[in-house]
Amino acid sequence: MHNQGIRQPIRIKEIVGSNRNSTPVDVNVGDYFPSIKSAAESLGIGRTHIVSQLSGTFKHAKGIVFEYDKDNDPSE
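Scope of this entry: the structure provided in the associated data block. (Residues numbered from 1 in each chain as written. Predicted model: local features only at pLDDT ≥ 70, side-chain atom pairs only at ≥ 80, totals over all residues. Heavy atoms only, no water.)

## Description of helix H2 (residues 47-55)
Phase 1: When we look at burial in H2, the residues that qualify are Ile 50, Ser 52, Gln 53 and Leu 54.
Phase 2: In this structure, the buried residues of H2 make contact with strand E1 (10-15), helix H1 (36-43) and strand E3 (64-68).
Phase 3: Looking one or two residues beyond H2, the residue adopting positive phi is Gly 56, at roughly 95°. (Buried < 20%, exposed > 50% of the residue type's maximum accessible area, 1.4 Å probe, protein only. Helix = DSSP H or I, 4+ residues; strand = E, 2+ residues; numbered from the N terminus. Contact = heavy atoms within 4.5 Å.)

## Considering the nonpolar core
The nonpolar side chains of a soluble globular protein tend to be buried, and buried together.
Phase 1: Of all hydrophobic cores here, the largest spans 14 residues; its most connected members are Ile 10, Phe 33, Leu 43, Ile 45, Ile 50, Ile 64 and Phe 66.
Phase 2: At the level of secondary structure, the elements contributing two or more residues to this core comprise E1, H1, H2 and E3.
Phase 3: Among the elements that make up this core, the one with the highest residue count is H1 (4 residues). (Core = buried A, V, L, I, M, F, W, Y, C linked by side-chain atoms within 4.5 Å.)

## Considerations on the sheet that holds E3
Phase 1: The antiparallel open sheet is built from 3 strands, whose spatial order is E2-E1-E3. The open sheet terminates on both sides in strands that have one partner only, identified here as strand E2 (32-33) and E3.
Phase 2: Along the sheet face, H2 touches E1 and E3 and points at about 70° away from the line of E3. (Pairing = 2+ DSSP bridges. Axes fitted to C-alpha atoms, helices over the stretch in contact; angles between N-to-C directions.)

## Description of the pattern of salt bridges
Phase 1: All chains considered together, the criterion is met by 2 salt bridges.
Phase 2: Residue Arg 11 is joined to Glu 67 by a salt bridge in which the shortest nitrogen-to-oxygen separation is 3.0 Å. Of the two residues, Arg 11 is situated in strand E1 and Glu 67 in strand E3; the sequence distance between them amounts to 56 residues.
Phase 3: A salt bridge links Asp 69 to Arg 11, with the nearest nitrogen and oxygen atoms 3.3 Å apart. With Asp 69 in the segment after E3 and Arg 11 in strand E1, the pair connects residues that are 58 residues apart, well separated along the chain. (Salt bridge = Lys/Arg side-chain N within 4 Å of Asp/Glu carboxyl O.)

Any functional reading would require information that these geometric values do not contain.
As structure tokens, then:
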């Protein structure tokens, strides 16, 4: 049986830009998202890209560096 995880809030840690100039325009450092899914939908970035960036596989996702928002983590 598949175990659904708890939604983990994330926020934008840094905007580094990308060589493809595809960074979403309306983003700011510190922007909060209640889940990875909501960030992906709001920014037009693939959810798997955000997950890969958070796990350290990618350096950024479309020029954005995310971090888990430990201040608003429901699992603690």
